[in-house]
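# Observations on the model geometry
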Amino acid sequence: MNKYKITTYGCQMNVHESEKVAGLLEKLEYSATDDINEADIVVFNTCCIRDTAEMRAFGNIGVVKHQKKKNPNLIVVVVGCMSQQEGYLDIFKQKYPYVDIVLGSRNIAMLPKMILESKNSKSKFRSNLQPDDYLETDEKTPVTRTSFPNAWVNIIYGCNNFCTYCIVPYVRGREISRDIDSVVKEVKSCVDEGYKEITLLGQNVNSYGNDRSDGASFAKLLAEIDKIEGKFRVRFMTSHPKDLNEEIVDIIANSKKICKNIHLPAQSGSNSVLEAMNRRYTVEHYLSLIDMIREKMPDCGITSDIMIGFPTETEQDFEDTLTLIKKAQYSSAFTFVYSPRQGTIAAKMEQISPAVKKSRIMKLVALQNSVTRQISKNYIGKEYEVLVEDKANKLDGYMCGRTDCGRLVTFKGDENLIGEFVNVKINEAHSASLFGNIVE
Ligand code: 5AD
Ligand code: SF4
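Residues numbered from 1 in each chain as written. Chains lettered and ligands numbered in written order. Predicted model: local features only at pLDDT ≥ 70, side-chain atom pairs only at ≥ 80, totals over all residues. Heavy atoms only, no water.

## Looking at the overall build of the chain
Inclusion rule: Per the convention used, a helix needs a DSSP run of H or I reaching at least four residues, while a strand needs a run of E reaching at least two, with both numbered from the N terminus. As a reference, a globule follows 2.2 Å times the number of residues to the power 0.38, and the radius of gyration itself is taken over C-alpha atoms. Classification of residues uses two cut-offs on accessible area relative to the type maximum, computed with a 1.4 Å probe and protein chains only: under 20% is buried, over 50% is exposed, and between them is partly exposed. Each accessible area value is a Shrake-Rupley result obtained with a 1.4 Å probe; residue values ignore everything except the protein chains displayed when judging cover. When charges are tallied, Lys and Arg are placed among the positive residues and Asp and Glu among the negative ones, while His and the ends of the chain are skipped. In this description, the location of a charge corresponds to atom NZ of lysine, CZ of arginine, CG of aspartate or CD of glutamate.
Helices and strands together make up the secondary structure of the chain, namely 13 helices and 19 strands. Taken against the 2.2 N^0.38 rule, which gives 22 Å for 440 residues, the C-alpha radius of gyration of the chain at 22 Å falls within 12% of a compact globule. Here the C-alpha coordinates of the chain stretch approximately 65 × 55 × 50 Å along the principal axes. In the chain, buried positions account for 54% of the 440 residues. In the structure as shown, the chain presents an accessible area of about 20,000 Å², 50% of it carried by carbon and sulfur atoms. Taken as two groups, the 57 positive and 58 negative side-chain charges of the chain have centres that lie 5 Å from each other.

## With respect to the pairing of strand β17 (residues 408-412)
What counts is decided by this rule: Strands qualify as paired when DSSP identifies two bridges or more between them.
Pairing of strand β16 (residues 398-403) with β17 involves five bridges; the strand directions are antiparallel. Bridge pairing in β17 places Y398 opposite K412. Count of turn residues in the β16/β17 antiparallel hairpin: four residues, of which G406 carries a positive phi of about 95°. When β17 meets strand β19 (residues 433-439), the two strands line up parallel, connected through three bridges. Pairing of V409 across the sheet is with L434, part of β19.

## Topic: the domain arrangement of the chain
Cut-off, in case you're wondering: Domain extents, as shown, originate in an automatic or database domain assignment.
Domain assignment breaks the chain into domain 1 (2-132) and domain 2 (383-439). The gap between the C-alpha centroids of domain 1 and domain 2 is 36 Å.

## Notes on the sheet that holds strand β13 (residues 301-308)
Note the following rule: Convention adopted: a line fitted to C-alpha atoms gives each axis, helices being fitted over their contacting stretch, and angles between N-to-C directions are expressed from 0 to 180 degrees.
Pairing is parallel across the open sheet formed by three strands, whose spatial order is β12-β13-β14. Of all the strands in the sheet, just β12 (261-263) and β14 (332-337) have a single pairing partner and so form its edges. Within this sheet the neighbouring strands show an average axis-to-axis angle of 15°, counted without direction. Direction of pairing for β12 relative to β13: parallel, over a ladder of three bridges. When the sheet's bridge partners are listed, I262 is paired in β13 with I302.

## Side note on the site of ligand 2
Applied cut-off: What makes a residue near a molecule or strand is one non-hydrogen atom of that residue sitting within 4 Å of it. Classes in brief: Ala, Val, Leu, Ile, Met, Phe, Trp, Tyr, Cys and Pro nonpolar; Asp, Glu, Lys and Arg charged; the others, Gly included, polar.
Taken together, C159, N161, F162, C163, Y165, C166, V168, P169, Q203, H240 and R279 make up all the residues around ligand 2. Here the residues of the shell around ligand 2 sort into seven nonpolar, three polar and one charged.

## Details of the pairing of β13
Applied cut-off: A clockwise path from the first strand over the helix to the second, with the strands pointing away from the viewer, defines a right-handed crossover.
Burial runs high along β13: eight of the eight residues are buried. Neither face of β13 is left uncovered, since the one carrying G301, T303, D305 and M307 and the one carrying I302, S304, I306 and I308 both have all their residues buried. For the crossover that starts at β13, traverses helix α12 (residues 315-328) and ends in the parallel β14, the hand is right-handed.

## Re the sheet that holds β16
Spatially, β15-β16-β17-β19-β18 is the arrangement adopted by the five strands of the closed barrel, whose pairing is mixed. Adjacent strand axes in the sheet meet at a mean angle of 50°, parallel and antiparallel pairs treated alike. Pairing analysis gives five bridges linking strand β15 (residues 383-391) to strand β18 (residues 421-430), with the strands arranged antiparallel. Across the sheet, Y384 pairs through a bridge with V424, a residue of β18.

## Digging into unusual backbone geometry
The residue after F148, namely P149, is reached through a cis peptide bond having omega 10°. Residue placement: P149 occurs in the loop between α5 (134-140) and β7 (150-154). Residue T238 follows M237 across a cis peptide bond; omega there is 5°. Inspection of the secondary structure puts T238 in the loop between β11 (233-237) and α9 (246-254). A positive phi is found at Q267, a non-glycine position, where the angle reads about 70°.

## Re the site of ligand 1
Here is the rule we go by: In protein, a polar contact means a hydrogen-donor-capable atom and an acceptor-capable atom, both N or O and within 3.5 Å, with residues adjacent in sequence counting only if both atoms are side-chain atoms; elsewhere, any N or O pair within 3.5 Å suffices.
Around ligand 1 sit I49, R50, Y165, Q267, D305, M307, F336, V337, Y338, S339 and R341, and those are all the residues in its vicinity. Within the side chain of R50, a nitrogen or oxygen atom sits 3.0 Å from an oxygen atom of ligand 1. A distance of 2.8 Å separates a nitrogen atom of ligand 1 from a polar atom in the backbone of S339. Surface burial for ligand 1 is 86%, taken as the share of its 410 Å² of free accessible area covered by protein chains. When contributions to the shell around ligand 1 are tallied by element, the ones reaching two or more residues are β13 and β14.

## Things to note about helix α1 (residues 12-27)
Put simply, the rule reads: Each helix should span, by expectation, one fewer than its residue count multiplied by 1.5 Å.
Between its terminal C-alpha atoms α1 stretches 23 Å, which fits the 22 Å expected from 16 residues at 1.5 Å a residue. With respect to burial, α1 is a largely interior element, twelve of its 16 residues being buried. Where α1 is concerned, the buried positions are M13, N14, H16, E17, S18, E19, K20, V21, A22, G23, L24 and L25. Just past α1, the residue E29 takes up positive phi, approximately 70°.

## Overview of the pattern of salt bridges
Put simply, the test is: Whenever Lys or Arg places a side-chain nitrogen within 4 Å of a carboxyl oxygen from Asp or Glu, that contact is recorded as a salt bridge.
Considering all chains together, one arrives at 22 salt bridges under this definition. In this structure, D250 engages K296 in a salt bridge whose closest nitrogen and oxygen atoms are separated by 2.9 Å. Highlighted residues: D250 in helix α9 and K296 in helix α11 (residues 283-296), separated in sequence by 46 residues. The class of D250 is partly exposed, set by a relative accessible area of 28%.

## As for the packing of aromatic side chains
To keep it simple, the criterion reads: Classification of ring pairs uses Phe, Tyr and Trp, with its six-membered ring standing for Trp, and accepts pairs whose centres are within 6.5 Å; under 30 degrees between planes counts as stacked, over 60 as edge-to-face, and the remaining range as tilted.
Taken as a whole, this structure holds 13 aromatic pairs when the rule is applied. With a centroid separation of 6.4 Å and an interplanar angle of 85°, the aromatic rings of Y165 and F310 are classed as edge-to-face. Of the two residues, Y165 is situated in the loop between β8 (156-157) and α6 (168-172) and F310 in the loop between β13 and α12; the sequence distance between them amounts to 145 residues. Taken individually, Y165 and F310 each receive the classification buried, so the pair is uniform in this respect. Put simply, the rings of F58, Y88, F92, Y96 and Y98 pair up and form one aromatic cluster.

Below is the structure:
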């Protein structure tokens with residue numbers, strides 16, 4: 001049997017798109033392998049959000065050159081955001097001539113056709129970055145899910161926001177939302193198949209429905225999904241602070257299935273930086289959202305993305321970001337160093353020096369760690385329902401899972417528990433991880 005190996009970079013959207021690549025390849029009777037020496041086809045699902053992600057992908061694609069010498073029939077495929085960047089098709093053709101197929105982020109459904117064409121032709125190279133009717137094709141794309149007990153479900157593709165640092169709107173195109181019925185149908189079938197957590201995906205889930213004329217909205221979608229029967233949880237990401245509103249928060253607060261957990265990236269704590277980023281909210285508005293969420297759901301886990309080193313960021317702006325971190329009390333935050341992306345507005349602005357960026361990221365990480373550590377202490381002695389997800393990292397005989405509010409908990413147990421809901425009493429807290437024991 002032919003084998004495939006997929007390497008995925010980047011966000012959950014890419015993880016899920018790799019599940020679609022796997023679904024398509026399995027329909028062609030390929031089966032999965034982790035060993036490149038066994039593979040007949042290797043797929044790189046790339047990310048270009050920061051320079052580091054891109055360098056990692058280029059590095060690993062480079063390594064395949066030797067593999068292709070050993071096995072000239074190996075098919076090398078590049079999909080995902082990187083391939084969609086202007087000029088990158090030529091980079092692959094010229095610097096990585098052993099790459100056979102390049103597809104954009106809305107073209108993965110064309111993979112089977114491209115493989116057959118490439119196999120049956122003297123000139124192996126194939127590419128397509130221009131899809132026609134994406135939604136229609138995507139609905140029919142098979143999925144091989146790899147994240148049990150979680151199932152990813154796309155609700156909206158693309159982004160219209162054009163934050164000035166971000167490459168995503170250029171590589172993933174304009175927003176297109178699926179219809180409510182299709183999403184609800186997919187969630188139902190995941191629940192019927194035994195998935196216990198459904199994560200709704202979109203670059204900005206709060207824009208869901210804006211591009212449709214049938215009245216669909218994120219609030220309506222959540223309300224419909226909450227009505228589905230069965231024991232399961234729903235998460236969603238990512239929310240944009242300019243669009244998250246009281247109606248949505250009320251639905252979450254009153255729901256049975258939707259986790260009290262909101263990822264609400266602030267990016268910066270300075271109004272002038274937020275304006276230069278084109279984020280279209282102020283720090284005051286952002287903090288009022290946090291107050292509103294906590295008033296309605298005191299136990300809600302709020303997390304964030306914070307970026308330092310954006311062009312124009314002064315020492316005072318950075319101090320304002322530290323102040324925001326203290327006020328917001330995130331259970332955790334992803335922290336990033338701004339990385340200029342070709343073609344974006346911010347890449348053309350005067351850049352902050354690497355030394356300043358380094359010192360700021362270290363201060364930011366240290367502060368968020370201390371906030372997380374402090375918050376973690378409040379969990380000690382309390383009991384939480386946890387969905388068991390996986391074996392604990394490097395701890396034999398231990399499993400891990402998440403609370404409704406999104407905190408990772410480690411406890412004694414075995415693999416048979418994966419996909420079960422258990423009650424765990426927390427007895428130890430180390431910064432981001434909580435430790436406890438299963439109780440009846
Ligand atoms: N440099 C650094 N971080 C970035 N992000 C998006 N673009 C960039 C960039 N050019 C971060 C933002 C976003 C997260 C997914 O990645 O914080 O919320
Ligand atoms: Fe990028 Fe902003 Fe869109 Fe998020 S909302 S994907 S940061 S442009």
